[in-house]
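Listed below are the residues making up each chain.
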Amino acid sequence: MYRYLSLFLLLSTGCAIEQSEFVEEFAVQKCTNIDACGKIPETHGTTDDCEQFYKIVADEEMVGDGCKYSSDMAKACLDELSDTEGECPVEDSLAPSCAKVGDCAGGGGSDTGL
């Protein structure tokens, strides 16, 4: 419950989102969306495993070393993910800002197609 409240407060403010906050919130929201489709057990086993997976995705492909991080795109990404909760299948095309969070070589791809 606390996680969702912190995500709501983060999204409802105009404050910049630090990279570490983005990684955590991205993973939580992505897994919340997958769970809303009833796909966590078949794709990741547990919510914790799902969140760990998407933390790695965000850290390595979206905000990792050599990436130019955009707090504005990070906020837009989290807003779009939140807005599409419950839309199945969960696809990257539902949150296009997520591909623009970090200007990385080949970054941003985490489409589950679920």
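Our subject is the structure listed above.
Residues numbered from 1 in each chain as written. Predicted model: local features only at pLDDT ≥ 70, side-chain atom pairs only at ≥ 80, totals over all residues. Heavy atoms only, no water.

Engineer: With reference to specific residues and values, describe the state of the cysteines.
Structural biologist: Applying the stated criterion to the full structure yields 3 disulfides. A sulfur-sulfur distance of 1.9 Å marks the disulfide that ties C37 to C88. Since a negative S-S torsion denotes a left-handed disulfide, the C37-C88 link at about -105° is left-handed. With C37 in the loop between α2 (19-36) and α3 (40-43) and C88 in the loop between α5 (71-83) and β2 (102-103), the pair connects residues that are 51 residues apart, well separated along the chain. Judged by relative accessible area, which is 46%, C88 ranks as partly exposed. Each sulfur of the disulfide joining C77 and C98 lies 1.9 Å from the other. Across the disulfide from C77 to C98, rotation about the S-S bond amounts to roughly 85°, and the bridge is consequently right-handed. Here the residue C77 occupies a position in helix α5, and C98 occupies one in the loop between α5 and β2, the gap between them amounting to 21 residues. For C98, a relative accessible area of 8% corresponds to the buried category. (Disulfide = S-S within 2.5 Å. Helix = DSSP H or I, 4+ residues; strand = E, 2+ residues; numbered from the N terminus. Buried < 20%, exposed > 50% of the residue type's maximum accessible area, 1.4 Å probe, protein only.)

Engineer: Describe the packing of aromatic side chains, naming the residues involved and giving the relevant values.
Structural biologist: By the definition in use, this model includes 4 aromatic pairs. Between F22 and F26 the ring centres are 5.6 Å apart and the planes differ by 35°, which places this aromatic pair in the tilted class. Placement of both F22 and F26 in helix α2 is noted, with a separation of 4 residues, approximately one turn of the helix. Considered together, F22 and F26 belong to a single accessibility category, that of buried residues. Aromatic rings pair up to connect F22, F26, F53, Y54 and Y69 into one cluster. (Phe/Tyr/Trp six-rings, centres within 6.5 Å; stacked < 30°, edge-to-face > 60°.)

Read these as layout, nothing more, since geometry by itself doesn't imply function.
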